[in-house]
Amino acid sequence: MSDQRFLVRKAAVLGAGVMGAQIAAHLVNANIETLLFELPGDTGNPNANVIKAVEKLKKQEPAPLSVKTKAACIQSANYDQHLEKLKDCDLVIEAIAERMDWKRDLYVKVAPFLGEHTIFASNTSGLSINQLAEAFPESLRHRFCGIHFFNPPRYMHLIELIPCRTSDAGMLDDLEAFLVTYLGKGVIRAKDTPNFIANRIGVFSLLATMHHGREFNFGFDLVDALTGSLIGRPKSATFRTADVVGLDTLAHVINTMRDTLPDDSWHAYFAVPDWLQGLIQTGALGEKVKRGVYQKINNEIHVFDVTTQTYRRSNAEADEDLKRLLKYSNPVEKFAALRNSDQPQAQFLWAIFRDLFHYCAVQLEAIADNARDLDLAVRWGFGWSQGPFEIWQAAGWKQITNWIQEDIAAGKSMSQVPLPQWVIATAESDAQGVHTAQGSFAPATGKLQQRSKLPVYQRQLFPDRLISETTTYGETIFETDAVRLWHSGDRIAILSFKSKMHTIGIDVLEGTQQAIKEAEKNWRALVIWQTEPPFSAGANLQKATEKPKSHAKSSNEPLPPPQPPSAFQLFLKKFKKSAQATVLQVARELDLADALMANKLAEVNEMIKQFQHTSQALRYSMIPTVAAVDGLALGGGCEFVMHCDRAVATLESYIGLVETGVGLLPAGGGCKEFALRAAQNALDGDPFPQLKHYFETVVMAELAKSAEQAKELGYLRHADHVVMHRFELLYVAKAQALALAEAGYRPPLRARDIPVAGNTGIATIQSQLVNLREGGFISEHDYLIGNKVAHVMCGGDLTPGSMVDEDWFLELERAAFMELLATEKTQARIEYTLKTGKPLRN
């Protein structure tokens, strides 16, 4: 790999509004020293506007900051006092309001203060980059471009990189490499056309959906029920997405299309609907003001009704016949059924897909270099599972093309402009569509265009795949129904789980032990990495009593579509009010109810022993072990991470020991590991101060909302690495494993003299639990669980400072787990959670 020439030591963001502040937050997430500029305050502190914006960042959900303490790393600045500081910035991002005149005036003001090599970029969502560039002296224009973040910047994968006519090619390459590796983004080069790629297509899709919803007289909630997860889009669907974006922002984007695209054949539809303008005028701007298309009234969701001009309870659902139709596994059959159906909801879906395909085909050459860029932009910017051309291709390119032509001729389409000739030529050829293993169609050349050859993309060993692209995960070393161990020719063995949600049952434990033994004999290191998130949703104790159907995937299957960036936002929104509820995602995978009903606790106990044995094997193997974490790592998955020599985690890793939420405690070595770390970090030989922090983490079932927060909570160590780009995870994990091996790796010596907090520590925690119980903050069973956790982590009823070994803690863990599992109230919690998806406080 060649070194990147462009290093960002310091950056500045101009504009502390919603986007500007969040971009600054993500820069400090990446450990980049960042200045945030805003107009000076009218009175008092000149930086008051920035300070207020940074305070908002700490309270926002989903959190823009990886940890709240990062807010202190954003330096406040204003345009009257601090422009000189721009000279030291390698990158300056402008993110003020979408007004061409305001932006150009600002450029004139700051241009004299930019450093000799500073890159200046606008975060405009659709204004002309070439017109903006004209505000700079010619000597600076080669260092100007657009970089369009999507909201919220931390979570949305897409950045559109838009050059102006004079942008330096090397500068663009360097900037792209920085955005990919250091900010973790999927970069798409867009042409300087209004709204660029993603917003151009995404907003058109929204307008087409609004149009056809009105034609079919569907309510907004019914449209959302039809255009969300049922068709591979985020649950926010159409109008909920509009609320999230902001109705005023949406109206601005629509008006930009109206004003800047007079020759677009669909121009008649680029108008802000009267109902939308009316909501804006009344201040109903969406989620940011808690009222828009939707509003929560008395804890119920209400939706705006255009007919009555009032809000009503939202209760619309998709027709059951349509749901069955959409479950067809074959997209060709599914789309044929949609088009041929007389059911209004099916006709509506066919209409919005048809007009989307039509628009994308006509506009592709003007807005994007190739079909891949358009599809990835829509996937990454709007969270769709597939891009428009991918959907078209999967449904049968020739069949869909013929139907679009028929509907155009019949006057059913929103526009009568014919399909481009290349679409028809593709349908008449042997090609399956615009995407192939060799590349994607580029209309300007009429040829297939390969992926970017920039060196940064060599770090993505298995990049995000399109419909036509397949991959083979190296060469198999061994494979079972539960795991696959493989390599790619570099002496590093990679272990991937094949269970649903990568849960850990007895078969995964056996496979992991076999992998460790194989790696010790023939390989230099072992990396645990999954072909798709999550890392692991935890233990599957059903497999202690039986072996359910395998969820194994062929090693030659294509990578599935990535989990939409909005998935974690939805997860947080649903569960953020209760620490206990963070266990719900994994509780469904635990499947303890069957074991309890079958009275097979002995088998569960044996599995716990095997789990502890496997965790210890990861810790004390003769080769380095590295956990490559992306997404959820809950319960037993978290314990695997804690026992590997090194963890490499994407920023969006959500890690936690969540067992107390269903009345249990961590028993795969998690409690032991926290007790050991507390002893290792003890001041004056007393582990209790550190242990108290770890106790609270465990008993509150704390789920880290980022890899950085996982370090604060203690799940990750300071030596563990955080990776910003999920598709670079395996590359970095292998590099870490190789570095450990090259350094002459030896496993740590087994800890045999661990000082315990003992009965004094237990008593201290117990007194606090009593106060919580007496105050009504916790139940009697919560009190029991807390006492069990304290007993284990403090080392049992021993004199403080007594020395024990790791096995002592493991035995305490296992015994406490089985004791809790045998209680009626824990069994009730488990069964209730599995049946209802909700936590039970009993």
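Quick look at the layout of surface pockets now. Picture a little ball the size of a water molecule; that probe, rolled over the atoms, points out where space is still empty. Reported here for the second largest pocket is a volume of approximately 650 Å³. Lining the second largest pocket are 32 residues; nearest its centre among them are Arg372, Arg451, Ser452, Lys453 and Tyr457. Those elements giving two or more residues to the lining of the second largest pocket turn out to be helix 5 (169-181), strand 8 (186-189) and helix 14 (371-382).

Running from N to C, helix 6 (residues 198-215) and helix 9 (residues 247-260) cross one another at 100 degrees; their axes reach a closest spacing of 11 Å. When the interaxial angle is binned, helix 6 and helix 9 end up roughly perpendicular. For the pair helix 6 and helix 9, contact is made by Arg200, Val203, Leu206, Leu207 and Met210 and by Leu250, Val253, Ile254 and Met257, respectively. Here the contact of helix 6 with helix 9 is built from residues that sort into eight nonpolar, no polar and one charged.

Our next topic: the side chain of Asp645. With respect to the helices, strands and loops of the structure, Asp645 is situated in the loop between helix 23 (636-643) and strand 20 (646-656). Although Asp645 is buried, it forms no salt bridge, and the closest oppositely charged side chain is Arg619 at an N-O distance of 5.1 Å. Non-local contacts of Asp645, meaning those with residues more than four positions away in its chain, are made with Leu618, Arg619, Ile623, Pro624, Thr625, Arg717, Leu740, Tyr745 and Pro748.

Extensive coverage of strand 7 (residues 158-163) is indicated by the burial of five of its six residues. Across five bridges, strand 6 (residues 144-149) lies against strand 7 in antiparallel orientation. Within the sheet, the bridge partner assigned to Ile147 lies in strand 7 and is Leu161. Across four bridges, the pairing between strand 7 and strand 8 is parallel.

In this structure, His487 sits in strand 16 (residues 483-487). Residue class for His487 comes out buried when judged on its relative accessible area of 14%. A polar atom in the side chain of His487 sits 2.9 Å from the backbone nitrogen of Gly489. If we skip the residues at most four places from it in the chain, His487 touches Gly474, Glu475, Ile477, Ile492 and Trp523.

A few words now on the packing of aromatic side chains. Summed over all chains, the structure comprises 40 aromatic pairs. A network of ring pairs unites the aromatic residues Phe335, Phe353, Phe357, Phe389, Trp392, Trp397, Trp422 and Phe441 as a single cluster. A cation over an aromatic ring shows up here: Arg773 above the ring of Tyr783, its NZ or CZ 4.2 Å from the ring centre.

Thresholds applied
Residues numbered from 1 in each chain as written. Predicted model: local features only at pLDDT ≥ 70, side-chain atom pairs only at ≥ 80, totals over all residues. Heavy atoms only, no water. 1 Å grid on protein atoms, 1.4 Å probe; cavity = no way out; pocket = protein on both sides within 12 Å on 5 of 7 lines; lining within 4 Å. Points joined across faces, edges and corners; volume = space filled by probe spheres on them. Helix = DSSP H or I, 4+ residues; strand = E, 2+ residues; numbered from the N terminus. Axes fitted to C-alpha atoms, helices over the stretch in contact; angles between N-to-C directions. Parallel < 35°, antiparallel > 145°, perpendicular 65-115°, else oblique. Contact = heavy atoms within 4.5 Å. Nonpolar A, V, L, I, M, F, W, Y, C, P; charged D, E, K, R; others polar. Buried < 20%, exposed > 50% of the residue type's maximum accessible area, 1.4 Å probe, protein only. Lys, Arg positive; Asp, Glu negative; His and termini not counted. Salt bridge = Lys/Arg side-chain N within 4 Å of Asp/Glu carboxyl O. Pairing = 2+ DSSP bridges. Polar contact = N/O pair within 3.5 Å; in protein donor to acceptor, adjacent residues only side chain to side chain. Phe/Tyr/Trp six-rings, centres within 6.5 Å; stacked < 30°, edge-to-face > 60°. Lys NZ or Arg CZ within 6 Å of the ring centre and 35° of its normal.

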